[in-house]
Every structure is written in structure tokens, then in C-alpha cells.
Amino acid sequence: MTILLNSDFASHRSSPAVAELAFLGPKGTYSHQAAYDRFGEGVRYVGRPTITDVYESVRSGECPVGLIPQENSIHGIVIESYDALRVPDFGSKVFVRGEVTIKIQHCLITRKGVALQDVKRILSHEQALGQCGRFIKSHLKDAVLVKTPSTVAGVEAILNDEREGRSSAAIASSVCERLFDGIQVLQKGIQDQASNFTRFYVLARSVDWQLPSNPTSFSPWSYESPRNKGLLRIRVSETCDPLPDFTHSRSQVTHGTGGSDLASLLSVLGLPICRLDRRPLLGAKTFTNLYIVEVDGGEQSFDSAGSSPIASDIAMGPDGLGRWVGGATDLEMWALRLREATGRVVEAGGDAEVLGCW
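Residues numbered from 1 in each chain as written. Predicted model: local features only at pLDDT ≥ 70, side-chain atom pairs only at ≥ 80, totals over all residues. Heavy atoms only, no water.

- You'll find the chain entered in an unreviewed UniProt entry as PDT-domain-containing protein, with Thelephora terrestris given as the organism.
- As its UniProt record puts it under Pathway (unreviewed entry), the chain is described as follows: "Amino-acid biosynthesis." (UniProt positions renumbered as here; feature names shortened; annotations may be inferred.)

Here it is in C-alpha cells:
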């Protein structure tokens, strides 16, 4: 018997070609650089003023693909991106479908003719300001820090503000010097650490959407993950009956209405956890959290373009989840493992959803 999988992991191999990609714009941002390194000329780039706007563009279907910053190696996670991950529609209408990491080199940019001693304000995205704290303290300790929606927005601000533009500087990429007239790079490489990388999530409206391939080679500092990854959202039941430690087997985990603690929920996943983050749960009692869990399924061996034959037969388990019995790609099998893992969390008394698979 041939049955279509009744879940978010049903195949969409006939998805239309990706035409537009939303990113934290405008052009010249590190998000733009990361997106271009991954997709090259294969998409049309649509800049959005905030990370939330990028998410909304994908959720609404305006752009089938998006890219948001996830974490910087110096400044940590990007809070606005994690706030998007806790929205209920993430995991039903938007999914993480990939990642890309790029090397960051910040530059101090001013209008032409402005000297370092003239700078009284520094404008940039809060991540860039945080990553350049040592330089600012050493050379511009009295300057006022002004947060902008993106690094390029800081450059635009110093050009557009006739009154304060000549006493201001922006922190952004050196590529801005080629995009804007009337500016100069006053100093390059002002980040606190030479090893400064930012990781981005690729978003799509389907968990198995065929992402466009990159027709050009990656830059030396830009790369995708070679491993199977998954992103899960887990919430502990408000009625908590904690287990003593991680050593309990699945059969020992309390089932039913008693609830369970985070340790027991993570233990039943049965998947290697490579990172764990938490955010406050909206609309819940004080200090109630949800957890964003990234899991690692090992080295990829599937064709990332999804060209392997699709399975024709699916066996339905007692839990109602479809299971491939032959012919599935590694990515499809990995997606099912993620679904089964979240099912075990629910059985153990928690809540869990799959937010991404790549």
C-alpha cells in the first residue's frame, strides 16, 4: 500500500524554483555576504530592515527562503533570532533548512575627510558594537554608541545626517566602500578577536524544500555544515516531577500527567545534543522557559539537492507516524528520526516540535 506521510515532512519535490531570498539588509550587510556566499546568483536578494521582518517574509510566503544570523563567536546568540524561534508558527510555517558561517572583519567607516579624533558617535548593529568593545574603549572611549537595525544602516545614517554625520562613524564591512560614495574606511579589523565568525540559519517554508544550489565556489571563510543537524523546541510541563539524573532508561521515565523535568526530556531524545539555549516562554508564569535544542545526526551522505529517488512505501506505526521502509534519502530518514524523538518527549510529559532539519 502506498501512503503519503501525513506530517510536515511530506515531500515537496515539485516545489517551484526559489526566486527571492529575504535577508537582514540592505545590501552590504554581513547577512547579504553570507547569503551570496551560499546562493550566488541563484536567487534575487530582498533586503529587510529587521530579523523579524525576514522571518515574516518567509512565514507569509512573500519570500520562500530567508537567512538570519544565529550566533557570533564573540558576542554570543542573536536574541532577535531566538525570539523568532519561540513563535508558534516556527515549526509549522517556517523551518530552518541549513546553515552557513562566515568570517567577520569589522571596519571603522566615516565620511571622507573625517579623522579619528572627530568621531563623537559610533553607529552599528548591537552585535558589531559588542564585538569591537576593546577598540572603542582604547580609541573612542567618550563616543556615544548608537544601535542601528543593521551595520549598513549605520553607514547610511552617517551619510544622510548632515548635522551629525561629520562627527560620526559606523562599524561595518569594507564592502560598503564599494557600495556608497563619499565614505572612507578609517581602520580595518577593529573586532576584539581575530577569530570572529558569525553563523546564520537558512529559513524556508517547508522542512524539505529544495534549496537552490550555489553556482559559484564559497569564499575562503564561508562554509556549510557537512553534518546532519536538527533544531527542536522543547517545553517542560508546568507540573514537574523531576527525575534524579540522566541515567534513567526510557522505560523508567514517568509517563502521564505527572510531568517531567528537562533532564528526563533530554534523555529520551536519543540524539546527540550539540547546543542548548533557552528563552522565556511568552504568556506563561514568571521564569517559565522553553528550550531550543540543536541535535547532531552525524556526517551527511545524501545529495543536498534532494535528487535521490523518493520512497514509495511507508509503514504506519502505532503512534501514527509514517516510517519509510525503503528507498528514502538519508535526509528523509533523518527527518523521521527527529519526529520520533519529539514524540518521545511528548510521551514523557513535555512539549516538543521540530523547528529545522538539514
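### Side note on the overall build of the chain
Point 1. Helix and strand counts for the chain stand at nine helices and 17 strands.
Point 2. The buried share of the chain, reckoned over its 358 residues, is 51%.
Point 3. Once local pairs closer than 6 in sequence are excluded, the contacts in the chain between residues at least 24 apart make up 74%.
Point 4. When the accessible surface of the chain is summed, it comes to about 16300 Å², and 51% of that surface belongs to carbon and sulfur atoms. (Helix = DSSP H or I, 4+ residues; strand = E, 2+ residues; numbered from the N terminus. Buried < 20%, exposed > 50% of the residue type's maximum accessible area, 1.4 Å probe, protein only. Contact = heavy atoms within 4.5 Å. Areas by Shrake-Rupley, 256 points an atom, 1.4 Å probe, with all protein chains shown as cover.)

### What about the sheet that holds strand S7 (residues 121-124)?
Point 1. Taking strand neighbours across the sheet as the criterion, the five strands line up as S8-S7-S9-S6-S10 in an open arrangement whose pairing is mixed. Of all strands in the sheet, those bounded by a partner on one side alone are strand S8 (144-147) and strand S10 (183-188). Each neighbouring strand pair of the sheet contributes to a mean axis angle of 30 degrees, computed without reference to strand direction.
Point 2. Relative to S10, strand S6 (residues 107-111) runs antiparallel, the two sharing five bridges. Looking at the pairing, Ile109 lines up with Val185 of S10. (Pairing = 2+ DSSP bridges. Axes fitted to C-alpha atoms, helices over the stretch in contact; angles between N-to-C directions.)

### As for helix H9 (residues 330-347)
Point 1. The terminal C-alpha atoms of H9, which comprises 18 residues, lie 26 Å apart, in line with the 26 Å expected from a rise of 1.5 Å per residue.
Point 2. Inspection of H9 places Leu331, Glu332, Trp334, Ala335, Leu336, Leu338, Ala341, Thr342 and Val345 among the buried residues, and these make up the whole buried set.
Point 3. Once H9 ends, the next one or two residues include Gly349, with phi positive near 105 degrees. (Expected span 1.5 Å × (residues − 1).)

### Some points on the pattern of salt bridges
Point 1. Applying the stated rule across the entire model yields 19 salt bridges.
Point 2. With a shortest N-O distance of 2.9 Å, Arg59 and Glu56 are connected by a salt bridge. Of the two residues, Arg59 and Glu56 both sit in helix H2 (residues 51-59), three residues apart, roughly one turn of that helix.
Point 3. According to the relative accessible area criterion, Glu56 is partly exposed, its value standing at 31%.
Point 4. The partner of Arg279 in a salt bridge is Asp83, with the nearest N and O atoms 2.7 Å apart. Taken as a pair, Arg279 in strand S13 (residues 273-280) and Asp83 in helix H3 (residues 79-85) lie far apart in primary sequence, 196 residues in all.
Point 5. Owing to a relative accessible area of 24%, Asp83 belongs among the partly exposed residues under this scheme. (Salt bridge = Lys/Arg side-chain N within 4 Å of Asp/Glu carboxyl O.)

### Comments concerning the packing of aromatic side chains
Point 1. For the structure shown, the criterion picks out four aromatic pairs.
Point 2. Consider the rings of Tyr55 and Phe90, whose centres lie 5.8 Å apart with planes at 5 degrees: the pair is stacked. Pair noted here: Tyr55 is in helix H2 and Phe90 is in the loop between H3 and strand S5 (95-103), with a separation of 35 residues, a long-range link. The same class applies to Tyr55 and to Phe90, which are both buried.
Point 3. Here the aromatic rings of Tyr201 and Trp358 are separated by 5.8 Å at their centres, their planes lie at 65 degrees, and the arrangement is edge-to-face. Of this pair, Tyr201 sits in strand S11 (residues 197-204) while Trp358 is found in the segment after strand S17 (351-357), placing the two residues 157 residues apart along the sequence. Neither Tyr201 nor Trp358 differs from the other in exposure class; each is buried. (Phe/Tyr/Trp six-rings, centres within 6.5 Å; stacked < 30°, edge-to-face > 60°.)

### Focus: the side chain of Glu294
Point 1. With respect to the helices, strands and loops of the structure, Glu294 is situated in strand S14 (residues 289-299).
Point 2. Look at Glu294 and you get buried, because its relative accessible area is 2%.
Point 3. Contact partners of Glu294, with chain neighbours within four places excluded, come to Glu99, Arg199, Tyr201, Lys229, Gly230, Leu231, Pro272, Ile273, Cys274, Arg275 and Trp358.

### What to know about helix H1 (residues 30-39)
Point 1. Of all ten residues in H1, eight are buried, a share of seventy percent or more.
Point 2. The complete set of buried residues in H1 reads Tyr30, Ser31, His32, Ala34, Ala35, Asp37, Arg38 and Phe39.
Point 3. Two residues or fewer after H1 comes Gly40, characterised by a positive phi angle close to 55 degrees.

### So, the environment of Ile171
Point 1. Turning to its location among the elements, Ile171 is positioned in strand S9 (residues 168-172).
Point 2. Here the alpha-carbon distance between Ile171 and Thr151, two residues 20 residues apart in the chain, equals 6.3 Å.
Point 3. Excluding residues within four positions of it along the chain, Ile171 makes contact with His106, Cys107, Leu108, Ile122, Leu123, Ser124, Ala128, Leu129, Cys132, Ile136, Thr151 and Ile190.

### Regarding the pairing of strand S2 (residues 44-48)
Point 1. Relative to S2, strand S1 (residues 20-24) runs parallel, the two sharing five bridges. In the strand pairing of S2, Leu21 is matched with Tyr45.
Point 2. Considered for its hand, the β-α-β crossover made up of S1, H1 and S2 is right-handed. (Right-handed = clockwise from strand over helix to strand, strands pointing away.)

### Section: the side chain of Arg97
Point 1. Within the secondary structure, Arg97 is located in strand S5.
Point 2. Here Val207 takes part through its backbone oxygen, which lies 2.9 Å from a polar atom of the side chain of Arg97.
Point 3. Beyond its immediate stretch of four places on either side in the chain, Arg97 contacts Val202, Ala204, Ser206, Val207, Asp208, Trp209, Leu211, Leu331, Cys357 and Trp358. (Polar contact = N/O pair within 3.5 Å; in protein donor to acceptor, adjacent residues only side chain to side chain.)

### Focus on the confidence of the model for the chain
Point 1. Taken residue by residue, the chain gives an average pLDDT of 82. The fraction at 70 or more is 77%.
Point 2. In this model, residues 1-16 is a region of pLDDT below 50 whose contacts with residues beyond four sequence positions or in other chains number 34 contacts.
Point 3. Across residues 240-258 the pLDDT falls below 50, and counting only partners more than four positions away or on other chains, this stretch makes 33 contacts in the model. (pLDDT = per-residue confidence, 0-100.)

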